[in-house]
Amino acid sequence: MRLGVIGFGNMGSAIARAVKKHFSDVIVYDVSQEKSMKALEEGFGVAKDLKFMLANSDFVLLAVKPKDVPSVLTDLDLGDRVLISIVAGLTLDRLYQLVGHDKKIIRTMPNINVLVGKGVMAYVFGENLTEYEKEFFLKSFSSCASLYPIEEGMMDSFTAIAGSGPAFVFKFISALSLAGVREGFSYELAKSIVIDTILGSCELLKSMGGHPEEWIAKVASPAGITIEGIKVLEERGFSGIVMECIEKTSQKAKRL
Ligand SMILES: NC(=O)C1=CN([C@@H]2O[C@H](COP(=O)(O)OP(=O)(O)OC[C@H]3O[C@@H](n4cnc5c(N)ncnc54)[C@H](OP(=O)(O)O)[C@@H]3O)[C@@H](O)[C@H]2O)C=CC1
Ligand SMILES: O=C(O)[C@@H]1CCC=N1
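Please read these numbers as outputs of a predicted model, since none were measured by experiment. The numbers attached to residues start from 1 for each chain and follow its sequence in the written order. Written order determines the labels here, with chains lettered from A and ligands numbered from 1. Per-residue local features are limited, in this predicted model, to residues with pLDDT of at least 70; the limit for side-chain atom pairs, both in listing and counting, is 80 or more; totals at the level of whole chains, interfaces and linings are taken over all residues.

1. Some points on the overall build of the chain
Move 1: Across its full length, the chain carries 12 helices and 8 strands.
Move 2: Taken along its principal axes, the extent of the C-alpha atoms in the chain is 65 × 40 × 30 Å. Where helices and strands are cited, they refer to DSSP runs of H or I of at least four residues and of E of at least two residues respectively, numbered from the N terminus.

2. Considering the UniProt feature "domain: Pyrroline-5-carboxylate reductase catalytic N-terminal" (unreviewed entry) in the chain
Move 1: UniProt positions are given in the numbering used here, feature names are shortened, and annotations may be inferred rather than shown by experiment. On the UniProt side, "domain: Pyrroline-5-carboxylate reductase catalytic N-terminal" (unreviewed entry) is annotated at positions that read residues 2–89 here.
Move 2: For residues 2–89, the end-to-end C-alpha separation is 26 Å, with 34% helix and 23% strand making up the annotated structure.

3. Examining the packing of helix H7 (residues 155–163) against helix H12 (residues 238–255)
Move 1: Axis definition: a line fitted to C-alpha atoms, over the contacting stretch in the case of helices. Angles run 0 to 180 degrees between N-to-C directions. Put simply, H7 and H12 touch, their axes get as near as 8 Å, and they point 130° apart. On the basis of their axis angle, the class for H7 and H12 is oblique. Two packed elements cross with a definite hand, and for H7 against H12 that hand is right-handed. Contacts between H7 and H12 pair Asp 156, Ser 157, Thr 159, Ala 160 and Ile 161 from the former with Ile 246, Thr 249, Ser 250, Ala 253 and Lys 254 from the latter. What sets the label is the angle itself: under 35 degrees gives roughly parallel, over 145 gives roughly antiparallel, 65 to 115 gives roughly perpendicular, and the rest give oblique. A crossing counts as left-handed when the near helix is turned anticlockwise from the far one by less than a right angle, and as right-handed when that turn is clockwise. By the convention adopted here, residues are in contact when the distance between their C-beta atoms, placed from the backbone, does not exceed 7 Å.

4. Observations concerning the site of ligand 1
Move 1: Near residues are defined by distance alone, with the backbone-placed C-beta atom required to lie within 6 Å of the molecule or strand. Inspection of the region around ligand 1 gives 27 residues, with Gly 7, Gly 9, Asn 10, Met 11 and Ala 88 positioned closest.
Move 2: Listing elements by their share of the shell around ligand 1, those giving two or more residues are helix H1 (10–19), helix H4 (69–73) and strand S6 (104–110).
Move 3: For the shell around ligand 1, the leading source of residues is H1, giving 3 residues.
Move 4: Split into classes, the residues belonging to the shell around ligand 1 amount to 15 nonpolar, 8 polar and 4 charged. Here the term charged refers only to Asp, Glu, Lys and Arg, the term nonpolar to Ala, Val, Leu, Ile, Met, Phe, Trp, Tyr, Cys and Pro, and the term polar to all other amino acids, Gly among them.

5. What to know about the sheet that holds strand S5 (residues 82–85)
Move 1: Strand order in the open sheet formed by 8 strands is S3-S2-S1-S4-S5-S6-S7-S8, with mixed pairing between adjacent strands. For this open sheet the edge positions go to strand S3 (45–46) and strand S8 (145–149), each flanked by a neighbour on one side alone.
Move 2: Think of it this way: DSSP has to see at least two bridges between two strands before they count as a pair. Inspection of the sheet shows strand S1 (residues 2–6) paired to strand S4 (residues 59–62) by 4 bridges, in the parallel sense. Across the sheet, the residue bridging to Gly 4 is Val 60, located in S4.

6. Quick look at the site of ligand 2
Move 1: For ligand 2, the full set of nearby residues is Ala 88, Thr 159, Gly 163 and Ser 164.
Move 2: Grouping the constituent residues of the shell around ligand 2 by class yields 1 nonpolar, 3 polar and no charged.

7. Digging into the domain arrangement of the chain
Move 1: As annotated, the domain borders come from an automatic or database domain assignment. Here the chain is described as being made up of domain 1 (2–150) and domain 2 (165–255).
Move 2: Here the C-alpha centroids of domain 1 and domain 2 sit 33 Å apart.
Move 3: Listed per partner, the contact involves 5 residues of domain 1 and 4 residues of domain 2.

8. As for the nonpolar core
Move 1: For this entry, the nonpolar core is defined as buried Ala, Val, Leu, Ile, Met, Phe, Trp, Tyr and Cys residues connected by C-beta atoms within 7 Å. Put simply, a residue is buried when 20 or more other C-beta atoms lie within 10 Å of its own C-beta and exposed when 12 or fewer do; between those, it is partly exposed, and each C-beta is set from the backbone. Ranked by internal contacts, the top residues of the largest apolar core, which has 48 residues, are Val 5, Ile 15, Val 28, Leu 61, Leu 62 and Ala 63.
Move 2: Broken down by element, this core gets its largest block of residues, 6 residues, from H1.
Move 3: In this structure Leu 62 touches Ile 6, Val 72, Leu 83, Ile 84, Ser 85, Ile 86 and Val 87, once residues within four positions along its chain are discounted.

9. Considering the environment of Ala 55
Move 1: The residue Ala 55 is located in helix H3 (residues 50–55) in this model.
Move 2: Looking at Ala 55, the number of C-beta atoms within 10 Å reads 13, which means it is partly exposed.
Move 3: Distance in space between the C-alpha atoms of Ala 55 and Gly 79 is 10.0 Å, their sequence separation being 24 residues.

10. Notes on the UniProt feature "binding site: NADP(+)" (unreviewed entry) in the chain
Move 1: As recorded in UniProt, the sites labelled "binding site: NADP(+)" (unreviewed entry) are Ile 6, Gly 7, Phe 8, Gly 9, Asn 10, Met 11, Ala 63, Val 64, Lys 65 and Pro 66. The largest pairwise C-alpha distance within this set of annotated residues, which runs over 61 residues, is 14.3 Å, so the set is compact in three dimensions.
Move 2: In this structure, Ile 6 sits in strand S1.
Move 3: With 26 C-beta atoms counted inside 10 Å, the residue Ile 6 sits in the buried group.
Move 4: Those residues in contact with Ile 6, other than ones at most four positions away along the chain, are Tyr 29, Val 60, Leu 61, Leu 62, Ala 63, Val 64 and Val 72.
Move 5: When you line up the elements, Lys 65 lands in the loop between S4 and H4.
Move 6: Judged by local crowding, Lys 65 falls into the exposed class, with 11 C-beta atoms found within 10 Å.

11. A few points about the pairing of strand S2 (residues 25–29)
Move 1: In terms of residue burial, S2 counts as a mostly covered element, since 4 of its 5 residues are buried.
Move 2: For S1 and S2, the ladder comprises 5 bridges, and the chain directions are parallel. Along S2, the bridge assignment pairs Leu 3 with Val 26.
Move 3: On the question of chirality, the crossover connecting S1 to the parallel S2 by way of H1 is right-handed.
Move 4: Pairing geometry for S2 and S3, over 2 bridges, is parallel. By the bridge assignment, Val 28 is partnered in S3 with Val 46.
Move 5: Call a crossover right-handed when, viewed with both strands pointing away from you, the route from the first strand across the helix to the second goes clockwise. In the classification by handedness, the crossover that spans S2, the intervening helix H2 (residues 33–41) and the parallel S3 is right-handed.

So, in structure tokens, the structure goes:
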């Protein structure tokens with residue numbers, strides 16, 4: 001199977017690198033000369049136009065910004081190829097309008113962590129896909145992401161929590177690292193301590209299970225020091241802020 005990648009930006013390049021071993025060939029098309037050069041330097045084939053890319057693809061990854069989608073898909077004849085869209089807010093209905101109702105489409109939402117093989121990706125299969133095509137998609141993408149089959153109606157919520165999620169996690173890492181600097185560590189040392197603490201906490205929760213609040217209770221000793229910090233988070237409405245952050249993010253996906 002051959003993969004065509006439309007848009008070699010943050011996500012197109014991350015996915016191309018992550019899944020290339022599963023495809024006999026990966027060919028990239030990007031309007032940016034700089035991105036095309038980058039793809040070439042990384043050993044990918046580069047197409048001079050969409051027609052050439054299509055002629056050399058069985059699966060086509062749509063990885064351009066939402067505003068650029070109409071210019072890419074209008075008049076594009078996908079034929080029997082499978083279109084994999086990662087575009088936030090772009091519904092299957094809208095995709096069918098653009099490429100034709102008889103076409104093969106998989107709507108997905110990955111996150112940037114596919115770069116290190118630890119991504120998550122939601123997916124919804126459209127009509128007309130063969131069992132082989134579905135299995136090939138699942139096999140190739142499960143090598144870089146935990147795959148979640150979800151109802152399409154939950155896609156914007158998934159996008160907020162998981163697609164945008166790394167940005168919110170990085171924000172927390174950044175804030176905790178700055179707090180470490182304030183306490184007297186160098187930024188690099190603080191960041192390393194924070195990353196190891198978060199990795200360990202995630203590992204613990206994933207392998208041992210339980211509710212996060214139960215683990216908070218094990219860390220926060222009665223009349224100890226941790227509860228003083230928890231009090232500040234509670235007073236400032238940390239959980240409410242995070243919920244509103246996800247609500248606003250999810251709502252924006254509906255307006256794209
Ligand atoms: N960034 C993320 O973490 C995630 C993004 N997504 C989705 O992935 C998509 C891509 O996002 P991202 O990778 O961040 O965006 P980028 O801007 O980094 O990448 C898009 C690339 O496509 C190029 N491009 C623009 N128009 C065309 C065209 N007509 N034909 C071919 N290439 C074109 C752009 O060139 P130029 O820069 O010159 O315009 C750019 O190189 C978006 O739809 C987004 O919703 C989904 C999950 C996570
Ligand atoms: O911010 C965005 O629009 C994209 C979609 C999910 C992550 N990044």
